[in-house]
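Residue-level listing of the chains:
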Amino acid sequence: MEKLKSLNYPGKIYLIIVLCVATLISLISVYNIQTPSGNRPYLFIFWDTFLAWVPVGIALILDLLFSYTRKKIRAFLIIFVGASWLFFFPNAPYLVTDLLHVFVRYSFDPTKRFWTDIVFWQHLFTIFTIAMLGLLLGSYSLFSVQNLLRISFGVMVSWIFAILVLLLSSFGIYIGRFIRWNSWDVITRPGYILKELVILLTDTSKLHHIFSFCKFMFMVLIISYVLFYIITKVRK
């Protein structure tokens with residue numbers, strides 16, 4: 001238990017409980033939205049939210065490995081599990097991009113003041129809450145993993161790691177939203193992914209689009225994470 005206390009337990013457990021409650025409330029709000037025809041347009045967000053929780057679960061596994069495995073096998077296990085965490089991490093902040101579905105699935109007349117319709121705000125606030133949840137889940141799991149690197153290699157290395165993760169995640173969110181790849185494609189179709197990445201990154205007609213999206217996505221990620229980091233440190 002002393003080893004876990006050094007990794008901010010049981011405080012992390014309390015935070016995870018709060019995130020679980022927030023997730024439950026958010027998903028109930030998503031389920032309650034119905035179109036005039038009776039359809040529930042945002043049920044796909046349940047799956048997206050599950051994927052957003054995966055890096056949180058992996059971060060917990062990394063804490064356990066760091067605390068209770070022998071040094072000889074710890075490095076191998078942490079690298080393997082850490083790589084899985086990195087591949088799944090973008091699924092959490094990816095929820096921010098689900099905001100676009102409000103403007104796709106909510107039927108409104110752009111020639112009228114649709115924003116006076118309270119149903120529009122129900123759609124927007126509900127998906128905005130999901131977006132914030134994604135940022136919180138991502139910030140929590142990154143904070144947890146960064147803390148392991150801070151203990152092992154120092155503050156400077158841990159921040160270089162955190163910034164690189166957020167940069168890579170911005171691109172990961174791009175390919176998830178626009179190219180429609182999934183995290184597990186790295187394992188199931190590595191050759192295809194590598195080939196398509198080379199084509200994508202050498203296509204000058206698409207680089208501007210990639211850079212523009214990733215720039216704004218990174219801005220959202222770094223601001224939200226730094227705020228989470230500072231609030232957590234001040235609270236501690």
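All of the points below concern the structure found in this document. The shown structure was predicted, so the numbers you read here are calculated from the model rather than taken from an experiment.

Cut-offs applied
- Residues numbered from 1 in each chain as written.
- Predicted model: local features only at pLDDT ≥ 70, side-chain atom pairs only at ≥ 80, totals over all residues.
- Heavy atoms only, no water.
- Helix = DSSP H or I, 4+ residues; strand = E, 2+ residues; numbered from the N terminus.
- Expected span 1.5 Å × (residues − 1).
- Axes fitted to C-alpha atoms, helices over the stretch in contact; angles between N-to-C directions.
- Parallel < 35°, antiparallel > 145°, perpendicular 65-115°, else oblique.
- Left-handed = near helix turned anticlockwise from the far one by under 90°.
- Contact = heavy atoms within 4.5 Å.
- Nonpolar A, V, L, I, M, F, W, Y, C, P; charged D, E, K, R; others polar.
- 1 Å grid on protein atoms, 1.4 Å probe; cavity = no way out; pocket = protein on both sides within 12 Å on 5 of 7 lines; lining within 4 Å.
- Points joined across faces, edges and corners; volume = space filled by probe spheres on them.

**Observations regarding helix α7 (residues 155-179)**
Counted at 1.5 Å a residue, the expected span for α7 with its 25 residues is 36 Å, and the 35 Å between its end C-alpha atoms agrees. Phi for Arg-180, located one or two positions after α7, is positive at around 70°.

**Some remarks on the packing of helix α2 (residues 11-32) against helix α6 (residues 118-153)**
The interhelical angle for the contact between α2 and α6, taken along N-to-C directions, is 155°, at an axis separation of 10 Å. Classified by the interaxial angle, the pair formed by α2 and α6 is roughly antiparallel. Here α2 and α6 pass one another in a crossing that is left-handed. Of the residues in α6, those in contact with Lys-12, Leu-15, Ile-16, Leu-19, Ala-22, Thr-23, Ser-26, Leu-27, Ser-29, Val-30 and Asn-32 of α2 are Gln-122, Thr-126, Thr-129, Ile-130, Leu-133, Leu-136, Leu-137, Tyr-140 and Ser-144. The residue inventory of the contact of α2 with α6, partitioned by class, reads eleven nonpolar, eight polar and one charged.

**So, empty space enclosed by the protein**
Inspection of every chain in the model, using the stated rule, returns two cavities of 30 Å³ or more. Considered as a void within the structure, the largest cavity measures approximately 50 Å³ in volume. The wall of the largest cavity is formed by Phe-89, Pro-93, Leu-135, Gly-138, Ser-139, Leu-142, Leu-166, Leu-221, Ser-224 and Tyr-225. At the level of elements, α6 and α10 (204-235) are the ones that each hand at least two residues to the lining of the largest cavity. Broken down by element, the residue count for the lining of the largest cavity peaks at four residues, all from α6. As a volume, the second largest cavity reaches approximately 40 Å³.

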